[in-house]
Structure formats: C-alpha cells, structure tokens
Amino acid sequence: MTLTLALDFGGTKLAAALVNSGSREWLRYERCFSPIDGDAKTDLEIMRSLIHSLLQGTSPSAIGVSFGGPVDASTGTVRLSHHVSGWENIPLKDLLEKEFGVPTSVDNDANVAALGEYHFGAGQGYNSLFYITISTGVGGGWILNGQSWRGAGGMAGEIGHIVVDPTGPICLCSKRGCVERFTSGPYMAQNAKEILQSQQEYRGGEVLRKLVGNNLNSLTGQIISEAAKQGDNLAEEVLQKSAWALGVGIGNVANLINPQRFILGGSVTKAGETWWNTLQNTAKKTALPEVLFEIVPATLGDDAPLWGAVALAENL
C-alpha cells in the first residue's frame, strides 16, 4: 500500500489527510483552527501533531503541501504569510523532507487548489481555468493548456490585489481599493464594523448588532452573510460591495487571459444567492461581450487545497 500525505497550511486553519495513492477517498483526515496568537513555530508544531495522528506509525511515499501565502515552488520555500507571523523564508520542503525522509512538493494554496479542481473537481474536462479562493484573503491559481502557470516570478494569479477602486480603503498590501480589501471575510467584517461605529454615516445594522450581542469585534464574514439573509440593509450593502469588487476583477481577468472557467472556493462563496448573482452580473458587464466564460463553485469545497496537494505529491 502506497500512501500520500496531503497538508494544508491556511491563514486560520490547518488540515492534513492521508490517502492510498490512486484512491479518491481519504483514508484518514484531521483539521483544526490555528491559534489566534500563533506563529510559524506554532503552526508547525500543530501540523506535526496532525501528521503523527494520521500516520499511526506508517510512512508516506510522498508529501504534497498547500500553503496560504507566496511560495517559491521551485525550492519549496515559503516567502511569507500575510496572516501568520514568522513564515518569512522558511524552507518548508527541506524541513519536511528531512523529518519524514520522503519527496515533498510545496506551492501556494490557490495554485494547489487549482490543481485539485482540475484533476478531481469542477475543472475536469477543461484545459484553461482560473481558480479563486475567497476566505481570509483572496488569491488565484491558473491552469493553462493543462499545466499550472505561476508566472515569471511565481506570482501569477494575485487577483486579490487588482485595484478596483483607487480611492478605496487601504489594503494590507498598502494599496487602496484592492479586490481583497472589499471581498475577503475579515475585511467585510472590518467594513461593517467601521460603518456601525460611525452612525452619522449610516443608519441601520440592527440585525448585525443583535447577532453579535453588540460586540462589534465578534463580527465575521459569516455573520454578515446571515444578517443579509435576515434583511439587514448594512450587511446587504457590505456583501454586495464584496461581490461587485470580485466581479470587476474577474471581468478584467477574463478580458486579459480568456479562460474557459472561473472556479470559486473558500468560505465567502457560501454567502448566498444574492452574492453570486451580483458577482455573475458584474463580471459579465465588465468583460467584453465577445469574451465567453463560466463562473462556477468549486466542487471539492474546503478540501480543494488538500486534493491539489495529493496531485502535487502524485506527480513527484
């Protein structure tokens, strides 16, 4: 029996799974949240614990790794994490190969998830697709002519940092009005909080306040989605802005590269029908009418990076 170990270092979650090579069902699976005040050392310790729980004394033949941040895929070195401290220039591939003694491949989570959907999910049968993850951040991964495309410096796919409103709020990347600054879950929560704290600018948000017991620091993208479903005007406005920003980004990317499919994954894609409708309509209006494309949800859900990690490992 040949085992493949798949690892996913996310911005807020860590996951690991074990699969028999060639199988499409997990043999064993572990997932947990990262500590709020954690760092790279903490994440590695937790991941080691998950791995040993999965392996139960056995050894994998290869390891595939999805990492939530810029990665030099040629060396398997993590450049940094935008959401967890201490990951600057960590040689993750070398660390894992030294510890477990098997070939390891590491890449950015969006690139890896794109591989997962291409091989096992909504990208099957297509040779040109762009996978976008919308969760703690917003990132993208390309499959062009059936191959991963990372760009000259490995930074292709950063749709989260396409500027859609040059006068908009400042993003973590220091630019104004990026897609991520409007669309990611944490930024939606921040935008709603800022509006609620300035009632001179906006009247409403009663459902949002009720859902968090008036503790605005407890706001999340998920809570905003729930409040919007209950008719909260402020939540609907923030959610619509999220979908609009991503729709503009997708429409421009469609004009530039013209993929067959955009596949969307991540927690924000569960925001509901209104979010999807606004996204679809905005993308179509932004793109040229002659540019044809589909926007569909990922079929592998939160497991897209893990299945992509399996594809990485199986191609070693």
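Here, the structure is the one placed above.
Residues numbered from 1 in each chain as written. Predicted model: local features only at pLDDT ≥ 70, side-chain atom pairs only at ≥ 80, totals over all residues. Heavy atoms only, no water.

Taken N-terminus to C-terminus, the directions of helix 1 (residues 40-55) and helix 2 (residues 92-100) make an angle of 40°; their axes are 13 Å apart at the nearest point. The angle between the axes of helix 1 and helix 2 places the two elements in the oblique class. The interaxial crossing formed by helix 1 with helix 2 has right-handed handedness. Contact with helix 1, carried on its side by L44, R48, I51, H52 and L55, involves L92, L95, E99 and F100 of helix 2 and no other residues of that element. (Axes fitted to C-alpha atoms, helices over the stretch in contact; angles between N-to-C directions. Helix = DSSP H or I, 4+ residues; strand = E, 2+ residues; numbered from the N terminus. Parallel < 35°, antiparallel > 145°, perpendicular 65-115°, else oblique. Left-handed = near helix turned anticlockwise from the far one by under 90°. Contact = heavy atoms within 4.5 Å.)

Here strand 2 (residues 13-20) lies mainly inside the structure; six of its eight residues are buried. Where strand 1 (residues 3-9) lies against strand 2, seven bridges are found, and the strand directions are antiparallel. Along strand 2, the bridge assignment pairs L3 with N20. The hairpin turn running from strand 1 into strand 2, its antiparallel successor, is three residues long. Sheet topology places strand 2 next to strand 3 (residues 28-33); six bridges connect them, and they run antiparallel. Bridge assignment links L18 to a residue of strand 3, and that residue is R28. (Buried < 20%, exposed > 50% of the residue type's maximum accessible area, 1.4 Å probe, protein only. Pairing = 2+ DSSP bridges.)

Attention now moves to the pattern of salt bridges. In the structure shown here, the tally under the stated rule is seven salt bridges. Of the charged contacts in the structure, one is a salt bridge between R24 and E314, with a shortest N-O distance of 3.7 Å. Of the two residues, R24 sits in the loop between strand 2 and strand 3 while E314 sits in helix 10 (residues 304-314), which places them 290 residues apart along the sequence. Judged by relative accessible area, which is 41%, R24 ranks as partly exposed. Relative accessible area serves as the criterion here: at 32%, E314 is assigned to the partly exposed category. The residue R261 makes a salt bridge to E294 at a minimum N-O spacing of 2.7 Å. Note that R261 is positioned in strand 11 (residues 261-265) and E294 in strand 12 (residues 294-297), a separation of 33 residues in sequence. (Salt bridge = Lys/Arg side-chain N within 4 Å of Asp/Glu carboxyl O.)

Once that is clear, we can look at helix 1. Every α-helix carries 3.6 residues per turn, so stepping three or four residues along brings you back to the same face. Over its 16 residues, helix 1 runs 22 Å from end to end, which matches the ideal 22 Å to within 8%, given 1.5 Å per residue. Lining the buried residues of helix 1 we find strand 1, strand 2, strand 3 and helix 2. If you check the start of helix 1, you find a side-chain oxygen 3.2 Å away from the backbone N of K41, and it comes from D39. Of the residues flanking the end of helix 1, it is Q56, one or two places downstream, whose phi is positive at about 50°. (Expected span 1.5 Å × (residues − 1). Polar contact = N/O pair within 3.5 Å; in protein donor to acceptor, adjacent residues only side chain to side chain.)

Next up on the list: the packing of helix 8 (residues 233-257) against helix 9 (residues 273-286). As a packed pair, helix 8 and helix 9 sit with axes 7 Å apart at the nearest point and diverge in direction by 35°. Once helix 8 is placed against helix 9, the crossing between them reads as right-handed. Here helix 8 contributes L239, Q240, S242, A243, W244, L246, G247, V248, I250, G251, N252 and N255 to the contact with helix 9, which in turn contributes T274, W275, T278, L279, T282, A283 and T286. Looking at side-chain class alone, the contact of helix 8 with helix 9 contains nine nonpolar, 10 polar and no charged residues. (Nonpolar A, V, L, I, M, F, W, Y, C, P; charged D, E, K, R; others polar.)

Taken in spatial order, the five strands line up as 10-9-8-11-12 in an open sheet, and their pairing is mixed. One side of each edge strand has no neighbouring strand; the edge strands of this open sheet are strand 10 (147-149) and strand 12. Within this sheet the neighbouring strands show an average axis-to-axis angle of 25°, counted without direction. When strand 11 meets strand 12, the two strands line up parallel, connected through four bridges. Within the sheet, the bridge partner assigned to L264 lies in strand 12 and is P297. Most of the contacts of helix 8 go to strand 11, to which it runs at about 150°, and overall it touches strand 8 (128-134), strand 9 (138-144), strand 11 and strand 12.

Glancing now at the packing of aromatic side chains. The way to describe two aromatic rings as a pair is by their centre distance and the angle between their planes. Within this structure, the stated rule accounts for 12 aromatic pairs. With a centroid separation of 6.4 Å and an interplanar angle of 80°, the aromatic rings of F182 and W244 are classed as edge-to-face. Taken together, the residues F182 in helix 4 (residues 179-183) and W244 in helix 8 connect sequence positions 62 residues apart. On the basis of relative accessibility, which here comes to 5%, the residue F182 falls in the buried class. The class of W244 is partly exposed, set by a relative accessible area of 29%. (Phe/Tyr/Trp six-rings, centres within 6.5 Å; stacked < 30°, edge-to-face > 60°.)

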